[in-house]
Amino acid sequence: MREGNRRVLVITAHPDDSEFGAGGLVARLVKEGREVAYVVVTNGNKGSGDRSMTPDRLARIREEEQRNAARTLGVVGVEFLGYEDCEVEETRDLRRDVTREIRRWRPDLVICQSPNRTPNLGASHRDHRIVGGVVLDCVYPLARDHMAFPELLPEFEPHKVREVYVMQWERAQLVVDITDTMDLKLQALACHASQFADFAGVEARVRERSATLGKRKGYAYAEAFDRIVLSR
Ligand SMILES: [Zn+2]
């Protein structure tokens, strides 16, 4: 990991996406002294099988769970953009909101989801793909160019992100050793209690997938990313 990447912003579609895709890396970055913040685009208010649950109540629960998970990992702040779960569209409003958050946090490194559909349907949820694509469009060129979204000036000055890690499940360019932070990742994941009827089953799947990702590098557990370098 590059020394210069002091500030890190993880931008995802739903509460719990950061922990699933990058919780081990986030814990590692925090331990190394980097400042990590989250932006969560939707309020996650559709993710329940409980027929007595309402979208408003679920949104409040999921926000609280996400804040607890972030605190567990040492993340300094969580910004919720409040978009409706499962209804994210690729709009100017969303591009402006994500651009504003990048300009607000001024990260060196952005971590986001993949804009591509993969055979792993959970990892290529429609909201994930749309948010992943929008984040990349905002990193370059929208956050950088002062004439993009003139309404954001003067409060949110243009910003150049140096590097992006895109969560990846197959043939990833970058395999990150999370053996030492696996326990913290699982603790943070467990904060999202509304999402798991059977956390033991979730833990087993997460361990198995992380072990598979780590195999080719000889790590007990890993997370995997594609890497985009914008400035050296
Ligand atoms: Zn998700």
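What counts, and at which threshold
Residues numbered from 1 in each chain as written. Predicted model: local features only at pLDDT ≥ 70, side-chain atom pairs only at ≥ 80, totals over all residues. Heavy atoms only, no water. Pairing = 2+ DSSP bridges. Helix = DSSP H or I, 4+ residues; strand = E, 2+ residues; numbered from the N terminus. Axes fitted to C-alpha atoms, helices over the stretch in contact; angles between N-to-C directions. Contact = heavy atoms within 4.5 Å. Donors = N, O, S within 2.8 Å, 3.2 Å for Na, K, Ca; no water. Buried < 20%, exposed > 50% of the residue type's maximum accessible area, 1.4 Å probe, protein only. Expected span 1.5 Å × (residues − 1). Bend = angle between axes of the 7 residues up to and from the residue. Parallel < 35°, antiparallel > 145°, perpendicular 65-115°, else oblique. Left-handed = near helix turned anticlockwise from the far one by under 90°. Nonpolar A, V, L, I, M, F, W, Y, C, P; charged D, E, K, R; others polar.

(A) Molecular detail of the sheet that holds strand β4 (residues 109-112). Reading across the sheet, the 7 strands line up as β3-β2-β1-β4-β5-β7-β6 and stay open at both edges, with mixed pairing between neighbours. Taken across any chain shown, the strands that pair with only one partner, and hence form the sheet edges, are β3 (77-83) and β6 (174-177). Across the sheet, the mean angle from the axis of one strand to that of its neighbour is 25 degrees, orientation sign disregarded. Alignment of strand β5 (residues 163-167) against strand β7 (residues 222-229), held across 5 bridges, turns out to be antiparallel. Its bridge partner being in β7, M167 is matched across the sheet by F225. Where helix α4 (residues 126-142) meets the sheet, it contacts β1 (7-12), β2 (35-42), β4, β5 and β7, and its direction lies at approximately 160 degrees from that of β4.

(B) Layout of the coordination of the zinc ion. The protein atoms that coordinate the zinc ion are H14 (ND1), D17 (OD) and H128 (NE2), at distances of 2.0 to 2.1 Å. Mapped onto the sequence, the residues coordinating the zinc ion show the spacing H-x2-D-x110-H. One end of the pair, D17, is in helix α1 (residues 17-31); the other, H128, is in helix α4, with 111 residues separating them in the sequence. Both residues of the pair, D17 and H128, belong to the buried class.

(C) Fine view of α1. Spanning 15 residues, α1 covers 20 Å between terminal C-alpha atoms, matching the ideal 21 Å at 1.5 Å per step. Of all the bends found along α1, the most pronounced is centred on G23 and spans about 75 degrees. Among all positions in α1, only D17, S18, E19, G21, A22, G23, G24, L25, V26, A27 and L29 are buried. Directly beyond the C-terminal end of α1, a positive phi value near 95 degrees is found at G33.

(D) Spotlight on unusual backbone geometry. Cis geometry marks the peptide bond from Y140 to P141; its omega dihedral reads 5 degrees. With respect to the helices and strands, the residue P141 is situated in helix α4. Put simply, L153 and P154 share a cis peptide bond, and its omega is 5 degrees. Structurally, P154 is set in the loop between α4 and β5.

(E) Molecular detail of the packing of helix α3 (residues 92-105) against α4. In contact at an axis separation of 9 Å, α3 and α4 are set at 60 degrees when each is read in the N-to-C sense. One finds that α3 runs oblique with respect to α4. Taken as a pair, α3 and α4 cross one another with a handedness that is right-handed. The segment α3 lies against α4, with L94, R95, V98, T99, I102 and R103 engaging V134, V135, C138, V139 and L142. Residues belonging to the contact of α3 with α4 are distributed by class as follows: 8 nonpolar, 1 polar and 2 charged.

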